[in-house]
Amino acid sequence: MASQTINGKAFEFALLFEFYERLKSITSVSITENQPYKTAKGFFDSFSEPEQDTFRITASASINFLIDIEPRLSNGINKEDILVLELVSDKAGQTGDVRDVLMIRSLQKWEIGISAKNNHRAVKHSRLSQKIDFGEKWLGVSCSKNYFQEINPIFDMLVDLRAKDKSTKWTSIENMHQVVYIPILDAFRKELLRLDKENPNIVAENLVQYLIGNQDFYKVIKGNKKVEIQAYNLHGTLNLPFEKVKPKAKIPKLKLPSRLIEIVYQENSTTTLLVSLNEGWQISFRIHNASSRVEPSLKFDINLVSAPHTLFTNHIFVNG
């Protein structure tokens, strides 16, 4: 398993554990010891003590801040109002929920979630192939026949290459960027613009919801001696008061985009498209082959380049 995944899971466990340690003397709190919890604990335990301390110190810094802006974490109605902490299985991400750590109060019908990131900011890794209708899958609006007619010859060529010899490498395709990447990206670009034109106000909003999730959440990014907290408050469910206890900072609601402005190639790039939307959103789509051997599908590395100025961001510097 990639070290990125192991580090990420260990950081999720550290967040859960530090939440429990910080809150157990203040309110009723419990941990759901499900399979994701056991997996993450195993990864955390595989690190040396100084490394575990770094995870914990970073997690602890973010938690102190979150408790200040989420009064319901530390305030229950009564003893029966238990704050349940749990880690989410990776399958949830496939349904548009990007949260890794959940804090739930059933009695208050309230929950918040955290997307935990260890030193990386990628949003999604989605595939394109001749079988994948990205319009339907991402945006709820089907791609046109024209799109499939444009991409099919390229994917057919890849199918043939693989059928002849399964060990064929991508590097054996001459001018691969011109022959594979650019035509696929051009077709993708044209189709995304068409979908937006024919479905005004829907595509831009659904694209952002698909990428950053359909639930409000905090993103906690562990960096080197610092932690960054971003608040994706799309539906206004974050930062709620508890009875008369108000949050110590105000988190604005994020505006979703309503239209695509332009889609251009990143400067000097044959692999990356920049999609600009209104309200200050910009997303990059970098296409690449996921394995060294030829296969009839390609992968996108999708990143949020810029978000609206209303995206609440806080940097906390950490010693240790």
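Scroll up a little and you will see the structure.
Here the structure is a predicted model, which means the values were calculated and not measured.

Undergrad: Talk me through the environment of Gln35; I want residue IDs and the actual numbers.
TA: Along the chain, the position of Gln35 falls in helix α2 (residues 35-45). Distance from Gln35 to Gly135, taken between C-alpha atoms, is 33 Å for residues 100 residues apart in sequence.

Undergrad: Tell me about unusual backbone geometry, residues and numbers included.
TA: Positive phi, close to 50 degrees, is recorded for Lys109, a residue that is not glycine. Within the secondary structure, Lys109 sits in the loop between β3 (101-105) and β4 (110-118). Judged by its relative accessible area of 79%, Lys109 is exposed. Of note, the phi angle at Asn201 is positive, near 70 degrees, even though the residue is not glycine. Along the chain, the position of Asn201 falls in the loop between α6 (176-198) and α7 (203-212). On the accessibility criterion, Asn201 (51% relative accessible area) is exposed.

Undergrad: Describe the packing of helix α1 (residues 3-23) against helix α3 (residues 49-69), with residues and values.
TA: Two numbers describe how α1 lies on α3: the axes approach to 8 Å, and their chain directions differ by 55 degrees. On the basis of their axis angle, the class for α1 and α3 is oblique. In terms of crossing hand, the pair formed by α1 and α3 is right-handed. From α1, Asn7, Ala10, Phe11, Ala14, Leu15, Phe17, Glu18, Phe19, Arg22 and Leu23 reach across to α3, where they touch Phe55, Arg56, Thr58, Ala59, Ser60, Ser62, Ile63, Asn64, Leu66 and Ile67.

Undergrad: If you had to explain the nonpolar core to someone new, which residues and values would you point to?
TA: Counting residues in each nonpolar core, the largest one holds 49 residues, and the members touching the most others are Phe134, Trp138, Phe188, Leu192, Phe285 and Phe300. Of all the elements in the fold, those that place two or more residues in this core are α4 (134-139), α5 (145-164), α6, α7, β9 (260-265), β10 (272-277), β11 (282-288) and β12 (298-306). Beyond its immediate chain neighbours, meaning those up to four positions away, Phe300 contacts Lys124, His125, Ser126, Leu128, Trp138, Leu185, Phe188, Phe285, Arg286, Ile287 and His288. Counting 41 residues, the second largest nonpolar core, distinct from the first, contains Phe11, Leu85, Leu87 and Ile316.

Undergrad: Can you tell me about the side chain of Gln52, naming the residues and giving the values?
TA: Within the secondary structure, Gln52 is located in helix α3. Using a relative accessible area of 17% as the deciding quantity, one classes Gln52 as buried. If we skip the residues at most four places from it in the chain, Gln52 touches Phe44, Asp45 and Phe47.

Undergrad: Break down the pairing of strand β8 (residues 226-232) for me, citing the residues and quoting the values.
TA: For β8, the buried fraction is high: 6 of the 7 residues fall into the buried class. Two elements, strand β7 (residues 217-222) and β8, share 6 bridges in a ladder whose sense is antiparallel. Counted as the bridge partner of Tyr218 is Ala231 from β8. Where β7 folds back on β8, the antiparallel hairpin that results is connected by 3 residues, among which Lys225 adopts a positive phi of roughly 60 degrees. Pairing between β8 and strand β13 (residues 312-317): 6 bridges, direction antiparallel. Its bridge partner being in β13, Ala231 is matched across the sheet by Phe312.

Undergrad: Tell me about the packing of α1 against α2, and name the residues and values.
TA: Taken N-terminus to C-terminus, the directions of α1 and α2 make an angle of 105 degrees; their axes are 8 Å apart at the nearest point. Looking at the two axes, α1 sits roughly perpendicular to α2. Listed contacts from α2 to Ile6, Lys9, Ala10, Phe13, Ala14 and Leu16 of α1 are Tyr37, Ala40, Lys41, Phe43 and Phe44.

Undergrad: Break down the packing of aromatic side chains for me, with residues and values.
TA: Counted under the stated rule, the structure contains 19 aromatic pairs. Their ring planes at 15 degrees and their centres at 6.0 Å tell us that Phe65 and Phe312 sit as a pair that is stacked. Taken together, the residues Phe65 in helix α3 and Phe312 in strand β13 connect sequence positions 247 residues apart. Residue Phe65 is classed as buried on the basis of its relative accessible area of 16%. By way of ring pairs, the aromatic residues Phe134, Trp138, Tyr147, Phe148, Phe188, Tyr210, Phe285 and Phe300 are connected into one cluster.

Undergrad: Explain α5 residue by residue, including any values.
TA: When the terminal C-alpha atoms of α5 are compared, their 28 Å separation across 20 residues agrees well with the 28 Å that a helix rising 1.5 Å per residue should span. In the structure, α5 departs most strongly from a straight axis at Asn152, where the bend amounts to approximately 35 degrees and where the proline Pro153 lies between one and four residues downstream. Taken as a whole, α5 has its buried residues at Tyr147, Phe148, Ile151, Ile154, Phe155 and Leu158. Contacts from the buried residues of α5 go to β6 (127-128), α4, α6 and β12.

Undergrad: Tell me about the side chain of Gln209, and name the residues and values.
TA: Relative to the helices and strands, Gln209 is located in helix α7. On the basis of relative accessibility, which here comes to 17%, the residue Gln209 falls in the buried class. Once residues lying within four places of it in the same chain are set aside, the contact partners of Gln209 are Asn214, Leu234, His235 and Leu256.

Cut-offs applied
Residues numbered from 1 in each chain as written. Predicted model: local features only at pLDDT ≥ 70, side-chain atom pairs only at ≥ 80, totals over all residues. Heavy atoms only, no water. Helix = DSSP H or I, 4+ residues; strand = E, 2+ residues; numbered from the N terminus. Buried < 20%, exposed > 50% of the residue type's maximum accessible area, 1.4 Å probe, protein only. Axes fitted to C-alpha atoms, helices over the stretch in contact; angles between N-to-C directions. Parallel < 35°, antiparallel > 145°, perpendicular 65-115°, else oblique. Left-handed = near helix turned anticlockwise from the far one by under 90°. Contact = heavy atoms within 4.5 Å. Core = buried A, V, L, I, M, F, W, Y, C linked by side-chain atoms within 4.5 Å. Pairing = 2+ DSSP bridges. Phe/Tyr/Trp six-rings, centres within 6.5 Å; stacked < 30°, edge-to-face > 60°. Expected span 1.5 Å × (residues − 1). Bend = angle between axes of the 7 residues up to and from the residue.

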